[in-house]
Amino acid sequence: MTIKTFIASSTAALALGTAAFADNPTVGGAPMLENRNIIENAVNSPIHKTLVAAVKAADLVDTLQGAGPFTVFAPVDDAFAALPAGTVETLLKPENKGMLQKVLTAHVVAGDWSAADIVSAARSSSDGFYHFNAVSGDALSAQVKGSNVYLIDENGNASKVIVADVDQSNGVIHVVNSVLVPK
């Protein structure tokens, strides 16, 4: 093998490897690897520290490391910070674990729902919404406005998907800009 052939094949291999890596979006500047599960990727996201702490406090780590598949609408730290003062601290108390579990599982639906799947389902529905049942048992609706996907909780609060289709080994994460609040 000549040096020219070696360089050409190395460049091609690097380009293919980079293209495969580039398919999955980064979150907060951190790479999200498709061969890792939801928890393994979430702990590496610099914009999901509050969510990770809440998942740990709610004893949901094992569940979200499970086979799934799960679709998680993952609120960023700023979304938790926007809640009324003291809300996060109150939810993280051991005596409020049940309530915290309900809030967190209101952000999870069964299955592996890509953004394209959600958009298609919402656009083909008679009312312009796709209605999910969250793992918590609460209603969650998806709506498309322009090129954006919004999730609406039972209280009518909308959360915008700001990073879509972060593939995981056990599902997909869609990063959202606010916390969905169950009734």
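Preceding this paragraph is the structure being described.
Residues numbered from 1 in each chain as written. Predicted model: local features only at pLDDT ≥ 70, side-chain atom pairs only at ≥ 80, totals over all residues. Heavy atoms only, no water.

K.L.:
I'd love a proper account of the overall build of the chain, names of residues and values included.
P.N.:
Each helix and strand in the chain was counted, giving 8 helices and 7 strands. Each of the 183 residues in the chain was classed as buried or not, and the buried ones make up 41%. For the chain, restricting intrachain contacts to residue pairs at least 6 apart in sequence, the fraction spanning at least 24 positions comes to 59%. (Helix = DSSP H or I, 4+ residues; strand = E, 2+ residues; numbered from the N terminus. Buried < 20%, exposed > 50% of the residue type's maximum accessible area, 1.4 Å probe, protein only. Contact = heavy atoms within 4.5 Å.)

K.L.:
Any details on the side chain of Thr105? Residues and values, ideally.
P.N.:
Topologically, Thr105 is positioned in helix α7 (residues 97-105). Within polar-contact distance, the side chain of Thr105 engages the backbone oxygen of Gln101 at 2.7 Å. Contacts of Thr105, omitting those with residues within four sequence positions, involve Leu60, Ala134, Val135 and Ser136. (Polar contact = N/O pair within 3.5 Å; in protein donor to acceptor, adjacent residues only side chain to side chain.)

K.L.:
Talk me through the environment of Val176; I want residue IDs and the actual numbers.
P.N.:
Examined against the element boundaries, Val176 turns out to sit in strand β7 (residues 171-176). Each C-alpha atom of the pair Val176 and Phe73 lies 6.0 Å from the other, and the pair is 103 residues apart in sequence. When residues no more than four places from it in sequence are discounted, the contact partners of Val176 are Phe73, Ala74, Pro75, Val76, Ser159, Lys160, Val161 and Ile162.

K.L.:
Go over the environment of Asn44 with me, naming the residues and quoting the values.
P.N.:
Looking at the element boundaries, Asn44 is found in the loop between α2 (38-42) and α3 (49-57). Considered as a pair, Asn44 and Gly28 are 16 residues apart in the sequence and their alpha carbons are 9.3 Å apart. Not counting residues within four places of it along the chain, the set of residues in contact with Asn44 comprises Ala30, Met32 and Arg36.

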